[in-house]
Amino acid sequence: MSHSNSIDKSMAILAPIAEQNGIDTPWDRYEKMLPQCGFGELGVCCRICWKGPCRIDPFGNGPDRGICGATAEVIVARNLIRMQAAGAAAHSEHGRHIALAMKHLGEKGLDAYAIKDEAKLKGVAERLGIEAEGKTTLELAVEVADISLNDFMNQDHHKECTWLSKSLPPVTIERLRKAGVLPHNIDAAVANVMARTHVGCDSDHVNLLLAGIRAAMADYTGMVLATELSDSMFGTPKPVITKANLGVLKEDAVNIALHGHNPLLSEVICDMAMLLNDEAIAAGASAGINVVGICCTGNEVMMRRGVPLATNYLSQDMAILTGAIDGMVVDVQCIMPSIATFGSCFHTEVITTMPDNKITGARHVEFSEKDALDRAREIVRICIDAYRKRDPHRVNIPQQKETAIVGFSTEAIVEALSLVNAEDPLKPLIDAIVSGDIKGVALFAGCNNVKIKQDHAYMTVVKELLARNVLVLATGCGAGAFAKHGMMTQEATEEFAGESLKGVLTAVGTAAGLEGPLPPVMHMGSCVDNSRAVMLASALAKALDKDLSELPVVASAPELMSEKAVAIGSWAVALGFPTHVGIMPQITGAPGVVEVLTKTAKDIFGGYFIPETDPVKAAETLYDAILERRKGLGLSV
Ligand code: SF4
Ligand code: FE2
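Residues numbered from 1 in each chain as written. Chains lettered and ligands numbered in written order. Predicted model: local features only at pLDDT ≥ 70, side-chain atom pairs only at ≥ 80, totals over all residues. Heavy atoms only, no water.

Per an unreviewed UniProt entry, the recorded name for the protein is Carbon monoxide dehydrogenase, and the organism is Pseudodesulfovibrio piezophilus. Reading the Catalytic activity (unreviewed entry) entry of the UniProt record for the protein gives the comment "CO + 2 oxidized [2Fe-2S]-[ferredoxin] + H2O = 2 reduced [2Fe-2S]-[ferredoxin] + CO2 + 2 H(+)". As recorded by UniProt, the Cofactor (unreviewed entry) comment attached to the protein reads in full: "[4Fe-4S] cluster". (UniProt positions renumbered as here; feature names shortened; annotations may be inferred.)

Laid out in structure tokens, this is it:
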């Protein structure tokens, strides 16, 4: 029997439809996988060469080394750092794609794109040390793109990636430099991990783990440039009110779900949907075209355009069971291959668009920046055609939706604060932290994972921290969870924020003309936009003349699953943040690796991992970490 395991009420409505159609939900697929491989869960299975697979006996009764002699520590460390490298590769490919598009736009022009936020581009250029005087916007775009691309090309080991020193506090950079974890080249950091984990190479778990941290710092580099260049091209998010959850689908519209990560595709589809709205009406969809988002593409278009969010990671294929999605257009990352199966059970056109991200069974329309308008037109028309084939009797849209105030880029937060103190915008925030009205800041990031009731851990940890007056930032599918469950509303501030936090949010919200508080969870964007939280923390650190590792700032990924999330968590640790992971990492078969990541890391970086599957305990531990930081700064606890 098909079922769901989610606190999202839409899922309970849709699971029986999966049953009727004879398809498994993600939770069914998980159940069929049980019991999962115990060696894999501990991380002690190695398939790095064809003498293997080898696995270490965790009980000490069988092999304690692989055939080559690799210990559990080496096997686990190699497996882990390959995950970090894959995460870094994924985010950085995204960043490279944006940078190449910006370069192309600046040099030759691209019909579908422009520099929409010239002020942001100028600010970025200035930060990168580019002389803006006398240069056109497009010339600046090329220079910004070139410096960004150089972070993928530089071969001088002594010259670290430019975006690192241009975005992090000098004292943090100095600490990371001493630890030897600052990459000089994003691609080289990834390649280095692949090379040193080849059979018969680096066999020292500490040395391996440091290389993994370097790859994670490369991940950060790719992300920060992705965010900053995306803002320049597509606009820097500002607060906007929208809706989230599957109730945003419309029965009388052509519903196009944009899913994946990179705004280069989704932005153009949004533009094209507006242009072709009349064609949809002519096809019988009286409400025209309704674009909705899923996962991080959803976050990108939600932040910049107020496009409603349909759902987050774990329920992406379930969304098709509504029978109301005419086209699901995907690009890269976190796209379950199952959507093709779900689409084939309905009239839904599942359209892949990237040459290196195809799905067997899905339609492929290859997208490139050069012919973006033509391809976007083709894609939107495919969706309109699909609408004509929609069976109204199979439409079942759960009426769940919540209001969400989103769009809290660093710039938007600083702007809101400047309405309280125009001279020194960060001062109100710093004062609130110093006085203890805000005890600290928590960044929520990451995915969903079938091993946890969907969205439950997010909601539990966040409520615990809000009640303790911790300011909350969110990105990625964590932000999606909070948006779906009404945590981005003013009412949520009234209900969940502790008294002193509520006071600060109300003062800033009122000054910003919201006639009430800011929402208690600030949506900062997609996964690459975790860099925004670092920007904010770095601004605070610089204002206080402190290292990031001294601030009362913590990170939490209560429901993570992807290699990208592992990379993000790892750079969060390196930057100095106590970082909670709510899924037991696949490292526990190597006590030495666990020791390094949960304890030794604290000595080297200030940050460390907190693996904790109980969300209430996780919140307590995170709060204790915040108090420890406050003590360190001589602040009240
Ligand atoms: Fe086994 Fe070593 Fe080969 Fe891994 S690298 S599969 S531990 S022989
Ligand atoms: Fe994401």
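Counting through the fold element by element, T360 comes out in the loop between β8 (349–352) and β9 (363–364). Judged by relative accessible area, T360 falls into the exposed class, the value being 78%. Taking the C-alpha atoms as reference, T360 lies 30 Å from P585; in sequence the two are 225 residues apart. (Helix = DSSP H or I, 4+ residues; strand = E, 2+ residues; numbered from the N terminus. Buried < 20%, exposed > 50% of the residue type's maximum accessible area, 1.4 Å probe, protein only.)

Moving on, we get to the coordination of the iron ion (ligand 2). Bound to the iron ion (ligand 2) on the protein side are H261 (NE2), C296 (SG) and C527 (SG), at distances that span 2.2 to 2.3 Å. One chain supplies every donor for the iron ion (ligand 2), spaced along it as H-x34-C-x230-C. Placement of H261 in the loop between β4 (254–260) and α11 (263–275) and of C296 in helix α13 (residues 295–305) is noted, with a sequence separation of 35 residues between them. Across the pair, exposure class does not vary: H261 and C296 are buried alike. (Donors = N, O, S within 2.8 Å, 3.2 Å for Na, K, Ca; no water.)

Let us look at the domain arrangement of the protein. Each assigned domain of the protein is listed with its residue range as follows: domain 1 (72–234), domain 2 (246–394) and domain 3 (405–633). Each of domain 1 and domain 2 has a C-alpha centre, and these two points are 30 Å apart. Every contact between the two is made by 17 residues of domain 1 and, on the other side, 16 residues of domain 2. Between domain 1 and domain 2 lies a buried interface of about 1400 Å² when both sides are counted; carbon and sulfur atoms form 61% of it. Per-residue buried area on domain 1 facing domain 2 is highest for H97, Y113 and F234; these three make up 38% of the total on that side. Put simply, domain 1 and domain 2 have two salt bridges between them. (Domains from an automatic or database assignment. Contact = heavy atoms within 4.5 Å. Buried area = accessible area lost by both parts, 1.4 Å probe. Salt bridge = Lys/Arg side-chain N within 4 Å of Asp/Glu carboxyl O.)

On to the UniProt feature "binding site: [4Fe-4S] cluster 1" (unreviewed entry) in the protein. Residues annotated in UniProt with the feature "binding site: [4Fe-4S] cluster 1" (unreviewed entry) correspond here to C37 and C45. Within the element layout of this structure, C37 appears in the loop between α2 (26–33) and α3 (38–42). Among the structural elements, C45 can be located in strand β1 (residues 45–46). Among residues more than four places away in sequence, those in contact with C45 are F39, P53, C54, R55, I75 and N79.

In β8, alternate side chains face the same way, and those of E349 and I351 on one face and V350 and T352 on the other are all buried. Where strand β7 (residues 325–330) and β8 come together, four bridges link them in parallel fashion. Along β8, the bridge assignment pairs M328 with V350. Assessed by its sense of winding, the connection that carries the chain from β7 through helix α14 (residues 338–345) to β8 is right-handed. With two bridges connecting them, β8 and β9 associate as parallel partners. Bridge pairing in β9 links I351 to R363. (Pairing = 2+ DSSP bridges. Right-handed = clockwise from strand over helix to strand, strands pointing away.)

Positionally, L627 belongs in helix α25 (residues 615–632). In this structure L627 comes out as buried when scored by relative accessible area, which is 17%. Separated by 589 residues in sequence, L627 and G38 place their C-alpha atoms 37 Å apart.

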